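These are the residues of each chain, in order.
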Amino acid sequence: TDKDTTNKTTFIFKWDTLYNADDYRVDIWTPIFNSGQKILSIVTTSDTFKYTLAEGIYEWGIRGQNNLTNTPFSKRSLFIDTTNPNTPSLLAPANNASMNDSIISFSWSRGIITGSTIKDSLYIYSDSLMTSIKISKYVSETSYSDSLGVGTFFWRVRSIDAASNYSNYSVLRKLTLQ
């Protein structure tokens, strides 16, 4: 699909056949079609083409052609991201914090984002073995606030990017609410 983001590197490019086309020209460019570096230009009589690309941003185009004319290129863009996000670093509340029950603000940092967009999974457990989940939530920002009630809780964060690459889990922190 156009503007796809993936962690896959081998693709089968596919297109609809055209009635008057004798063959098809496939061009792959980085970063922008016709103004970046051409990675590949082939001519094939098939309606599919398999190719492996490295991590990066690409645009690919296909056109039908015969000995008299060519169609315009039909173009799509592709973002290949194979790099896992950084492991989140928990900022607040501190490990072993003891607080009054109220709205608690959890915060963390991701470090520099080097690939596709990132969201985080925040996990808050009511046991240190992480078997009883109190909250499991996707968060776009690097903070979340909620009231948990009285008790002892454990929390950690894991990042996931748009290409489905996962970070390692952060350390597990303990929080007591009175």
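Residues numbered from 1 in each chain as written. Predicted model: local features only at pLDDT ≥ 70, side-chain atom pairs only at ≥ 80, totals over all residues. Heavy atoms only, no water.

Draft legend 1. Region of interest: the overall build of the chain. Along the backbone of the chain there are zero helices and 15 strands. Projected onto the principal axes, the alpha-carbon positions of the chain cover approximately 80 × 25 × 25 Å. Scored against the burial criterion, the 178 residues of the chain give a buried share of 38%. The long-range fraction of contacts in the chain, counting pairs at least 24 apart against all pairs at least 6 apart in sequence, stands at 63%. Accessible surface, the chain as shown: approximately 10000 Å² in total, 48% of it carbon and sulfur. Of the charged side chains in the chain, 17 are positive and 16 negative; the average position of the first set lies 4 Å away from that of the second. (Helix = DSSP H or I, 4+ residues; strand = E, 2+ residues; numbered from the N terminus. Buried < 20%, exposed > 50% of the residue type's maximum accessible area, 1.4 Å probe, protein only. Contact = heavy atoms within 4.5 Å. Areas by Shrake-Rupley, 256 points an atom, 1.4 Å probe, with all protein chains shown as cover. Lys, Arg positive; Asp, Glu negative; His and termini not counted. Charge placed at Lys NZ, Arg CZ, Asp CG, Glu CD.)

Draft legend 2. Structural detail: the sheet that holds strand S1 (residues 4-6). Pairing within the open sheet is mixed, and its five strands lie in the order S1-S7-S6-S3-S4. Strands at the two margins of the open sheet, each flanked by one partner only, are S1 and strand S4 (37-44). For this sheet, the mean angle separating the axes of adjacent strands, direction not counted, is 20 degrees. Relative to strand S7 (residues 74-80), S1 runs parallel, the two being bridged by three bridges. (Pairing = 2+ DSSP bridges. Axes fitted to C-alpha atoms, helices over the stretch in contact; angles between N-to-C directions.)

Draft legend 3. A look at the packing of aromatic side chains. Evaluated as defined, the whole model comprises eight aromatic pairs. Here the aromatic residues Phe 11, Phe 13, Phe 49, Tyr 51 and Trp 60 are joined through ring pairs into a cluster of three or more. (Phe/Tyr/Trp six-rings, centres within 6.5 Å; stacked < 30°, edge-to-face > 60°.)

Draft legend 4. A look at unusual backbone geometry. For the peptide bond that leads from Ala 92 to Pro 93, omega is -5 degrees, which places it in the cis range. Take Pro 93: it is sitting in the loop between strand S8 (89-92) and strand S9 (97-99). Phi is positive for Met 130, close to 60 degrees, though the residue is something other than glycine. One can find Met 130 in the loop between strand S11 (118-125) and strand S12 (133-139). With a phi close to 70 degrees, Ser 164 is a non-glycine residue in the positive phi region. Relative to the helices and strands, Ser 164 is located in the loop between strand S14 (151-161) and strand S15 (173-177).

Draft legend 5. Looking closely at the side chain of Gln 65. Within the secondary structure, Gln 65 sits in strand S6 (residues 56-65). For Gln 65, the side chain forms a polar contact with the side chain of Arg 63, separated by 2.9 Å. (Polar contact = N/O pair within 3.5 Å; in protein donor to acceptor, adjacent residues only side chain to side chain.)

Draft legend 6. Quick look at the sheet that holds S9. Judged by pairing direction, the sheet is mixed, and its five strands sit side by side in the order S9-S15-S14-S11-S12 without closing on themselves. Of all strands in the sheet, those with a lone pairing partner are S9 and S12, marking the two edges. Across the sheet, the axes of successive neighbouring strands diverge by a mean angle of 25 degrees, strand direction being ignored. The pairing of S11 with S14 spans eight bridges and is classified as antiparallel. Bridging across to S14, Tyr 125 finds its partner in Phe 154.

Draft legend 7. Focus on the environment of Trp 29. Mapped onto the secondary structure, Trp 29 falls in strand S3 (residues 23-30). For Trp 29, a relative accessible area of 10% corresponds to the buried category. When the C-alpha positions of Trp 29 and Ile 135 are compared, they lie 44 Å apart, and in sequence the two are 106 residues distant.

Draft legend 8. A look at the pattern of salt bridges. Evaluated as defined, the whole model comprises four salt bridges. With a shortest N-O distance of 3.4 Å, Asp 47 and Lys 14 are connected by a salt bridge. Pair noted here: Asp 47 is in the loop between S4 and strand S5 (48-52) and Lys 14 is in strand S2 (residues 10-14), with a separation of 33 residues, a long-range link. The partly exposed category is assigned to Asp 47, whose relative accessible area is 24%. Taking the relative accessible area as the measure of exposure, Lys 14 reaches 54% and is therefore exposed. Between Asp 120 and Arg 110 there is a salt bridge; the shortest N-O distance is 2.7 Å. Here Asp 120, found in strand S11, pairs with Arg 110, found in the loop between strand S10 (103-109) and S11; they are ten residues apart in sequence, far enough to count as distant. Judged by its relative accessible area of 0%, Asp 120 falls in the buried class. For Arg 110, a relative accessible area of 12% gives the class buried. Bridged by salt links that share partners, the residues Arg 25, Asp 27 and Lys 38 form one connected network. (Salt bridge = Lys/Arg side-chain N within 4 Å of Asp/Glu carboxyl O.)

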